[in-house]
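# Geometric and topological summary
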Amino acid sequence: MDFDEYQAQAKTTDLGIKNMGEVIQKKTLNVPEFLDKVLGLTGESGELADKVKKILRDKHGDFTEEERVAILKELGDVLWYVAEVSLYLDTPMSELAKMNLEKLASRKTRGTLVGAGDER
Ligand SMILES: [Mg+2]
């Protein structure tokens, strides 16, 4: 499965997708369905971080197979929201992935992989 195929299938489970055209047309962040996806992305990222935190805190980083699967499930939830936010911005996930790799390659070439700032 490629990113765009995943994104197309993820779209079928988005209960608020009916207004996506409006989101794209208005190019505004003040639409509940879009904000739901952005907030959902941060929520699922938090769930992922919390599971990892507890493994580090309580088990010194040792994890069971069940915990590995639980972390992967949260990572999958993050992926779903990434697909949805990208979709609401009218951008195929393949394009998003390409943009990200190009940004990182440029930083590597310019020796700015480390440091701070979005535009380094
Ligand atoms: Mg979750």
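Residues numbered from 1 in each chain as written. Predicted model: local features only at pLDDT ≥ 70, side-chain atom pairs only at ≥ 80, totals over all residues. Heavy atoms only, no water.

### Notes on the side chain of Arg107
Examined against the element boundaries, Arg107 turns out to sit in helix 5 (residues 93-110). Although Arg107 lies buried, it forms no salt bridge, and the closest oppositely charged side chain, Asp118, sits 5.3 Å away as judged by the N-O distance. Not counting chain neighbours up to four residues away, the residues in contact with Arg107 comprise Thr112, Leu113, Gly117, Asp118, Glu119 and Arg120. (Helix = DSSP H or I, 4+ residues; strand = E, 2+ residues; numbered from the N terminus. Buried < 20%, exposed > 50% of the residue type's maximum accessible area, 1.4 Å probe, protein only. Lys, Arg positive; Asp, Glu negative; His and termini not counted. Salt bridge = Lys/Arg side-chain N within 4 Å of Asp/Glu carboxyl O. Contact = heavy atoms within 4.5 Å.)

### Section: the coordination of the magnesium ion
Taken together, the protein donors to the magnesium ion comprise Glu44 (OE), Glu47 (OE), Glu74 (OE) and Asp77 (OD), at separations of 2.1 to 2.3 Å. The motif formed by the donor residues of the magnesium ion, counted along the single chain, is E-x2-E-x26-E-x2-D. Separated by 30 residues along the polypeptide, Glu44 in helix 3 (residues 32-59) and Glu74 in helix 4 (residues 65-88) bring together distant segments of the chain. Per residue, the accessibility class of Glu44 equals that of Glu74, and both read buried. (Donors = N, O, S within 2.8 Å, 3.2 Å for Na, K, Ca; no water.)

### Notes on the packing of helix 3 against helix 4
At a minimum axis distance of 9 Å, the contact between helix 3 and helix 4 shows a crossing angle of 160°. It follows from the interaxial angle that helix 3 and helix 4 lie roughly antiparallel. Crossing hand, helix 3 versus helix 4: left-handed. For the contact of helix 3 with helix 4, the class distribution of residues is 15 nonpolar, 2 polar and 11 charged. (Axes fitted to C-alpha atoms, helices over the stretch in contact; angles between N-to-C directions. Parallel < 35°, antiparallel > 145°, perpendicular 65-115°, else oblique. Left-handed = near helix turned anticlockwise from the far one by under 90°. Nonpolar A, V, L, I, M, F, W, Y, C, P; charged D, E, K, R; others polar.)

### Some thoughts on the packing of aromatic side chains
All told, the structure shown has 2 aromatic pairs when counted by the stated rule. Ring geometry for Phe34 versus Tyr88: centroids 6.1 Å apart, planes at 45°, classification tilted. Placement of the pair is Phe34 in helix 3 and Tyr88 in helix 4, with a sequence separation of 54 residues. Residue Phe34 shares its accessibility class with Tyr88, and that shared class is buried. Summarising the aromatic geometry, the rings of Trp80 and Tyr81 are spaced 4.9 Å apart at their centres and angled 85° between planes, so their arrangement reads as edge-to-face. Relative accessible area serves as the criterion here: at 18%, Trp80 is assigned to the buried category. (Phe/Tyr/Trp six-rings, centres within 6.5 Å; stacked < 30°, edge-to-face > 60°.)

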